[in-house]
Amino acid sequence: MIAIKGPRGAGKTTLMLQHLKFDLGLPAHALYITADHTWFYTHTLLETATDWYKQGGRLLFIDEVHKYPRWSRELKNIYDGLPELQVVFSASSALDIYRGEADLSRRVISYSLAGLSFREYLLFTQEISYEVLALKDVATQHRAFSQSVLEKVQPLPHFKKYLQKGYLPIIAEGEDEYLPKLEQIINAIVDTDLAYIASYNTGTAIKVKKLLGVIAESVPFKPNVSALARKLDLSRDSVYQYLYQLRDARLLNTLVAEGKGVATLQKPDKVYLGNPNLAYALRANPDVGNLRETFLLSQLQNIAAEVLAPKSGDFLVQDFVLEVGGKGKTSAQVKDTPNYLIAADDIEMGSGQRVPLWLFGFMY
């Protein structure tokens, strides 16, 4: 049993349908269903899987499983009762697969499908392919890699487009439609996905959107939870809960300080939007400095188990301290820090510890 989690628009449905269309030798033995279909008004998931198995089915794709009320228990029953049936299901990134009413932790292999990296965006839009770089390679071999990219394309104009309209593969449907569709995705996450997963009602959804709007106005946001609670007429615990639900849904990223314990509902030291495109969907003119940090954090969190806020610099990841800025950014803030890198925007080629910001988009 395989779970594919990821933000809306990342391509989970397309991935499953492409697998059905192109990869399987016996498509008659595979079935795709979506958990919010009207079929499930009068049929159960277990009943459907059992009937399909009796007809010779051996592979079942279930899309948006979080929209089915008893998903956890019935998936467990399918796994235990139909051992020869392989199940692949997709779910919102906000869904905690292992905390359903039935224990799936020993039954499910979970994968996360992130939005496009800058490297994938270039492949997607320019049909130019580059290898994936580890962070240590970015640090030590960035000049050679930058040169290999420059031989094929000028990265800076494409990078600016990526920051605005490139994180999700819906870019394939046209640049003009991208931001309106991204706004629809934001609404769908709050109104639909979180309504199913966290039992939001209409009033809750409105308050969560207001919270998202407040954060978007000032990211990276250093949250004053008491002030937010008063402004939105919420309890402090509710603010914490909504912040972490929005993080799990990939609308926000949170950062805690180096050396701090990781409690379930502790106040994060900084809150960022989940990716730079969201800034353009939620604000008319996002701050360029915030965009740079939001981009870098979105890339780092897709390749590292932990990203922290260091005492000096912007991000601590895999023993590297990263300081983000424009092309004139100096090492003054981190010069006494071992193993630091300057992620500098608006440069094609770096030198020494100065690495082009766009190159950090080649890590997955």
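Residues numbered from 1 in each chain as written. Predicted model: local features only at pLDDT ≥ 70, side-chain atom pairs only at ≥ 80, totals over all residues. Heavy atoms only, no water.

Novice: So, the overall build of the protein: which residues are in play, and what are the values?
Specialist: Of the regular secondary structure elements, the protein holds twelve helices and eleven strands. For 364 residues, the compact-globule estimate of 2.2 N^0.38 gives 21 Å, and the C-alpha radius of gyration of the protein, at 22 Å, lies within 12% of that figure. The dimensions of the protein, computed from C-alpha atoms along their principal axes, are 65 × 55 × 40 Å. Residue burial in the protein is summarised as follows: out of 364 residues, 51% are buried. Contacts in the protein between residues at least 24 apart in sequence constitute 63% of all its contacts with a sequence separation of at least 6. Taken as a whole, the protein presents about 17000 Å² of accessible surface, with 49% of it coming from carbon and sulfur. The average position of the 40 basic charges and that of the 40 acidic charges among the side chains of the protein differ by 4 Å. (Helix = DSSP H or I, 4+ residues; strand = E, 2+ residues; numbered from the N terminus. Rg over C-alpha atoms; globule rule 2.2 N^0.38 Å. Buried < 20%, exposed > 50% of the residue type's maximum accessible area, 1.4 Å probe, protein only. Contact = heavy atoms within 4.5 Å. Areas by Shrake-Rupley, 256 points an atom, 1.4 Å probe, with all protein chains shown as cover. Lys, Arg positive; Asp, Glu negative; His and termini not counted. Charge placed at Lys NZ, Arg CZ, Asp CG, Glu CD.)

Novice: Account for the sheet that holds strand E8 (residues 315-317), naming residues and giving values.
Specialist: Pairing in this open sheet of four strands is mixed, and the strands run E8-E9-E10-E11 from one edge to the other. Only two strands of the sheet have a single neighbouring strand rather than two, namely E8 and strand E11 (354-356). Strand-to-strand, the axes of this sheet are offset by a mean angle of 35 degrees, without reference to chain direction. Relative to strand E10 (residues 340-344), strand E9 (residues 320-325) runs parallel, the two being bridged by five bridges. If you follow Gly325 over to E10, its bridge partner there is Ala344. Sheet contacts for helix H5 (residues 135-150): E8, E9, E10 and E11; angle to E11, the most-contacted strand, approximately 70 degrees. Against the sheet, helix H12 (residues 288-300) engages E8, E9 and E10, with an angle of about 150 degrees to E9. (Pairing = 2+ DSSP bridges. Axes fitted to C-alpha atoms, helices over the stretch in contact; angles between N-to-C directions.)

Novice: How would you sum up helix H1 (residues 12-23)? Please name residues and give values.
Specialist: In a regular helix each residue adds 1.5 Å, so twelve residues correspond to 16 Å; H1 covers 16 Å between its end C-alpha atoms and thus fits that length. Those residues of H1 not exposed but buried are Lys12, Met16 and Leu20. One face of H1 carries all of its buried residues, which in axial projection span an arc of 75 degrees. Exposed positions of H1 whose direction lies more than 90 degrees from the buried face are Lys21 and Phe22. At its buried positions, H1 is contacted by strand E1 (2-6), strand E2 (30-34), strand E3 (59-63) and strand E4 (86-92). (Expected span 1.5 Å × (residues − 1). Arc of directions from axis to C-beta.)

Novice: Tell me what's going on with empty space enclosed by the protein, and back it up with residues and numbers.
Specialist: Scanning the model with the defined rule gives one cavity of 30 Å³ or more in all. In this structure, the largest cavity occupies an estimated 40 Å³ of space. Ala216, Val219, Ala279, Arg283, Pro286, Asp287, Asn290, Leu291 and Thr294 together form the lining of the largest cavity. Considering each element in turn, the lining of the largest cavity owes the most residues, three residues, to H12. Broken down by class, the residue content of the lining of the largest cavity amounts to five nonpolar, two polar and two charged. (1 Å grid on protein atoms, 1.4 Å probe; cavity = no way out; pocket = protein on both sides within 12 Å on 5 of 7 lines; lining within 4 Å. Points joined across faces, edges and corners; volume = space filled by probe spheres on them. Nonpolar A, V, L, I, M, F, W, Y, C, P; charged D, E, K, R; others polar.)

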